[in-house]
Structures are given as C-alpha cells and as structure tokens.
Amino acid sequence: MIIAIDGPAGSGKSTIAKLVARELGFAYLDTGAMYRAVAWRACEEGYDLASPKYAAIIHIAQTEPITFGFEPGEPVPSQVFINGVEVTLAIRTPEIDKAVSPVSAHPAVREALTEQQRVFGQAHDTVMEGRDIGTVVFPGAELKVFLTATPEERARRRARQNREKADAASTQGEQFNGETDEAAVLADILRRDTYDSSRAVAPLAAAEDAVTLDSTDLTIEQVVAHIVALVQERAGSSEHPEHPERPGKAPIKCFPPRNDGINRRFPGNGNTK
Ligand code: DC
C-alpha cells in the first residue's frame with residue numbers, strides 16, 4: 001500500500017508522514033531528501049547552478065545511489081547517504097534550499113529519482129512524501145493526501161524546526177546551518193512555491209483524487225489521526241470512497257482547532273495563536 005503525502009515546503013509533510021509511518025508500521029521515504037542529496041553533490045562538484053552542467057548532474061542522479069540509515073529497531077531513517085557519503089545535515093543548508101530547485105526541475109533528474117522511488121515503493125508498504133507522489137510517482141496510490149498551510153505558518157514552523165535542529169546538533173558537537181530567520185525562510189518558501197508549482201515537469205499539484213488537508217489550525221495529532229483513519233477506511237474497503245466514483249468532494253477540514261493553549265502543534269510552530 002502506498003500513502004502519498006504531497007504539499008509545499010514547510011506544510012508539515014515530514015513530521016506527519018513519519019508519525020503515520022510509525023503508527024502503521026510502514027516504511028517512510030522522504031523524496032525531497034533525494035533531490036537535496038543530488039543538489040549537494042552538484043554543489044560539492046562546484047557546478048554553477050545559474051548555468052547548470054546538466055549532463056553531469058543527470059549522471060549523478062543516474063549513478064550515485066541514495067540510501068538511508070536507521071537506528072536499530074526504528075522504521076523511520078535518521079540518516080541520508082549519497083554514494084556512501086553521509087549528508088543528513090549537509091542537505092539542510094540555505095545553499096541547498098536554493099540549489100535544489102533547478103536540480104529538481106530537470107526531467108532526466110526527475111526520471112532517475114522517480115525510478116528509485118518506484119522501486120522502493122514496490123518493495124514496501126510505504127508512506128512517501130514529496131511534490132509529485134500522487135500525480136506522477138504513484139498515481140495509483142491507495143491514499144493521496146495534499147497537505148497545505150499558509151506560507152506564514154509554514155515559515156514559522158520551518159524556522160522553529162531549524163532552530164531546534166541547530167540546538168540538538170550543537171549539543172552533539174555538530175553543526176546544523178539551516179536558516180533560522182523567519183523572514184528569510186518565508187522568502188525562500190514563497191520562491192520555492194512559485195518554482196515548484198510552475199515548472200514544466202511534475203509541478204507541485206494536488207492529484208484530482210487527493211484529500212486536501214489544510215493544517216494551519218490543526219495539531220499534529222489531529223492530522224495524523226485523520227490520515228490513519230482514512231487509511232483504515234480504505235484498507236477495509238475494496239472501493240476508494242474518495243475515488244472518481246464520488247467526484248467533487250470538497251477539501252476536508254478535518255477537526256476543529258485545539259484551543260487548550262498548549263503548543264501541541266508542529267515542531268516548527270512555537271506560536272499557539
Ligand atoms: O521537501 P523538501 O523541501 O525537502 O524538498 C526539496 C526540494 O525538492 C523542493 O524544493 C522541491 C523538490 N522536490 C520535488 O521536486 N519533488 C519531490 N517529490 C520532492 C521534492
């Protein structure tokens with residue numbers, strides 16, 4: 001079974017997809033990390049991404065395997081490698097945030113990574129997150145979720161998440177250089193939204209039969225519970241309730257927001273609004 005979770009940067013896809021995978025005992029694949037790993041290699045080679053050497057970048061995508069490392073007994077990976085080199089923290093810098101857009105827009109790069117993603121998904125029950133999982137990679141996915149939130153909320157979450165990652169890295173004597181300034185994160189999110197939605201190949205878009213969830217005012221638990229309920233509903237039925245047999249369903253706003261004043265929302269959200 002494939003659960004496709006697509007949506008723009010900072011919509012909470014990673015947090016939600018990992019929790020859903022844990023809850024269901026499914027594998028988890030972060031396809032954005034794969035595009036980031038290729039962009040990291042291109043930067044490492046010193047390619048000028050303003051006039052990218054696509055032949056070389058395509059070669060990287062086609063020949064350098066991207067793999068994931070797991071803690072013992074843990075289904076969700078904690079490390080990313082490209083060609084055996086660990087890049088877990090290195091792919092989360094502002095430099096890679098910028099470099100990944102032109103790299104991920106190239107059709108041959110997408111083709112190479114899409115192929116790897118299909119092989120992974122065919123081997124496991126998987127929660128797969130990205131931009132084009134429900135539309136291109138697995139158009140037959142049993143459940144497709146399109147996760148959104150306002151750009152401002154996404155920037156707040158991402159900046160906060162990066163601050164937390166930087167603190168965690170420094171306690172381990174490592175360095176995490178993700179952007180922590182909210183205004184800078186917002187500018188990058190708006191730039192990537194435009195780029196990802198307007199590119200010619202596999203643009204960011206909700207599949208026609210996706211369930212759209214706006215997570216702006218929802219807790220993590222609410223979104224996860226809703227997705228798990230949808231999975232159980234679909235697993236228990238041979239027909240897909242939101243499939244074309246029942247067209248035109250409005251996007252679901254699943255639960256009322258929690259107003260208990262406790263910050264139980266996304267790790268990137270310190271604001272209890
Ligand atoms: O999810 P993320 O922000 O880590 O993704 C990094 C970039 O990769 C994002 O700007 C768009 C691109 N991407 C893509 O084009 N297709 C995917 N399936 C996943 C990510």
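None of these values were measured; they are calculated from a predicted model. (Residues numbered from 1 in each chain as written. Predicted model: local features only at pLDDT ≥ 70, side-chain atom pairs only at ≥ 80, totals over all residues. Heavy atoms only, no water.)

1. What to know about helix α1 (residues 13-24)
Under the convention used in this document: A run of H or I in DSSP becomes a helix once it reaches four residues, and a run of E becomes a strand once it reaches two; helices and strands are each numbered from the N terminus. By this rule, a helix spans an expected 1.5 Å times one less than how many residues it contains. Only protein chains enter the accessibility calculation, which uses a 1.4 Å probe; a residue is then buried when its area is under 20% of its type maximum, exposed when over 50%, and partly exposed in between.
Look at α1: 16 Å from first C-alpha to last across 12 residues, which is about the 16 Å you get at 1.5 Å a residue. Listed as buried for α1 are K13, T15, I16, A17, V20 and A21. Positive backbone phi, at 75°, marks G25, one or two positions downstream of α1.

2. As for helix α2 (residues 31-44)
Definition in use: Any N or O atom pair separated by 3.5 Å or less is treated as a polar contact, with the protein-specific requirement of one donor-capable and one acceptor-capable atom, and with residues adjacent in sequence counted only for side-chain atom pairs.
For α2, with 14 residues, the first-to-last C-alpha span of 20 Å sits near the 20 Å given by 1.5 Å per residue. Most of α2 sits out of view: 11 of its 14 residues are buried. Considered for burial, the residues of α2 that qualify are T31, A33, M34, Y35, R36, A37, V38, A39, W40, R41 and A42. Between a side-chain oxygen at the N-terminus of α2 and the backbone nitrogen of G32 the separation is 3.1 Å; the capping residue is D30. The positive-phi residue at the C-terminal boundary of α2 is G46, with phi of around 80°.

3. Some thoughts on the sheet that holds strand β3 (residues 66-69)
In any sheet, the strands associate via hydrogen bonds between backbone groups, in a parallel or an antiparallel arrangement. As a reminder, the rule being used: Only when DSSP finds a minimum of two bridges between them are two strands counted as paired.
Spatially, the three strands line up as an open sheet ordered β3-β4-β5, and their pairing is antiparallel. The sheet is open, and its two borders are formed by β3 and β5 (85-86), each paired with just one other strand. Here four bridges tie β3 to strand β4 (residues 79-82), and the two strands are oriented antiparallel to one another. Counterpart to T67 in the pairing with β4 is F81.

4. Brief notes about the site of the ligand
Basically, it comes down to this: Proximity criterion: a residue is near a molecule or strand once any of its heavy atoms comes within 4 Å of it. A 1.4 Å probe and the Shrake-Rupley method give the accessible areas. Residues count as covered only by the protein chains that appear here. Residues are grouped as follows: Ala, Val, Leu, Ile, Met, Phe, Trp, Tyr, Cys and Pro are nonpolar; Asp, Glu, Lys and Arg are charged; all remaining types, including Gly, are polar.
Near the ligand you find 14 residues, and of these R36, R110, D132, R192 and R199 are the closest. Within the side chain of R110, a nitrogen or oxygen atom sits 2.8 Å from an oxygen atom of the ligand. The contact in question runs from a nitrogen atom of the ligand to an N or O atom on the side chain of D132, over 2.8 Å. Protein coverage of the free-state accessible area of the ligand, which is 450 Å², stands at 98%. Counting residues per element, the ones that place at least two in the shell around the ligand are α2, α4 (94-104) and α8 (182-198). Top contributing element to the shell around the ligand by residue count: α2, with four residues. A per-class count over the shell around the ligand returns two nonpolar, four polar and eight charged.

5. Here's the deal with the packing of helix α7 (residues 151-171) against α8
Applicable threshold: Inter-axis angles, ranging from 0 to 180 degrees, are taken between N-to-C directions of lines fitted to C-alpha atoms, where helices are fitted over the stretch in contact. Throughout this description, any angle smaller than 35 degrees is read as roughly parallel, any larger than 145 degrees as roughly antiparallel, any in the 65 to 115 degree range as roughly perpendicular, and the remainder as oblique. Two helices crossing with the near one rotated counterclockwise from the far one by less than a right angle form a left-handed crossing, whereas a clockwise rotation gives a right-handed crossing. Contacts are residue-level and defined by heavy atoms, with any inter-residue pair within 4.5 Å sufficient.
In contact at an axis separation of 8 Å, α7 and α8 are set at 125° when each is read in the N-to-C sense. In terms of orientation, α7 lies oblique with respect to α8. Of the two elements, α7 crosses α8, and the hand of that crossing is right-handed. Listed contacts from α8 to P151, E152, R154, A155, R156, R158 and A159 of α7 are E182, V185, L186, I189, L190, R192 and D193. Residues that form the contact of α7 with α8 fall into these classes: seven nonpolar, no polar and seven charged.

6. Some thoughts on the pattern of salt bridges
Put simply, the rule reads: By salt bridge we mean one thing: a side-chain nitrogen of Lys or Arg within 4 Å of a carboxyl oxygen of Asp or Glu.
Overall, the coordinates contain 16 salt bridges when judged by the stated rule. Counted as one network, the salt bridges with shared partners bring together R41, E44, E45 and E64.

7. Here's the deal with unusual backbone geometry
In the Ramachandran plot, N83 falls in the positive-phi region, its phi being about 50° despite a non-glycine side chain. Not every positive phi belongs to a glycine, and A202 is a case in point at roughly 45°. Position of A202 relative to the elements: it lies in the loop between α8 and β8 (211-214).

8. Side note on the sheet that holds β8
Read from one edge of the open sheet, five strands run β2-β6-β1-β7-β8, paired in parallel fashion. This sheet does not close on itself; its edge strands, each paired only once, are β2 (27-30) and β8. Each strand of the sheet is rotated relative to its neighbour by a mean of 20°, with strand direction disregarded. Pairing between strand β1 (residues 2-6) and strand β6 (residues 126-130): five bridges, direction parallel. Paired with D6 across the two strands is G130, which belongs to β6. Most of the contacts of α1 go to β6, to which it runs at about 175°, and overall it touches β1, β2, β6 and β7 (143-148).

9. As for the nonpolar core
Basically, it comes down to this: In this description, a nonpolar core means a group of buried Ala, Val, Leu, Ile, Met, Phe, Trp, Tyr and Cys residues linked to one another through side-chain atoms lying within 4.5 Å.
Counting 35 residues, the largest nonpolar core has V38, I57, I66, I82 and V109 as its most contacted members. Looking at this core, the element that brings in the most residues is α2, giving eight residues. With sequence-adjacent residues up to four places away left out, V38 is seen in contact with I57, I60, A61, I66, I82, V103 and L113. Counting 23 residues, the second largest nonpolar core, distinct from the first, contains I16, V76, L218 and V223.

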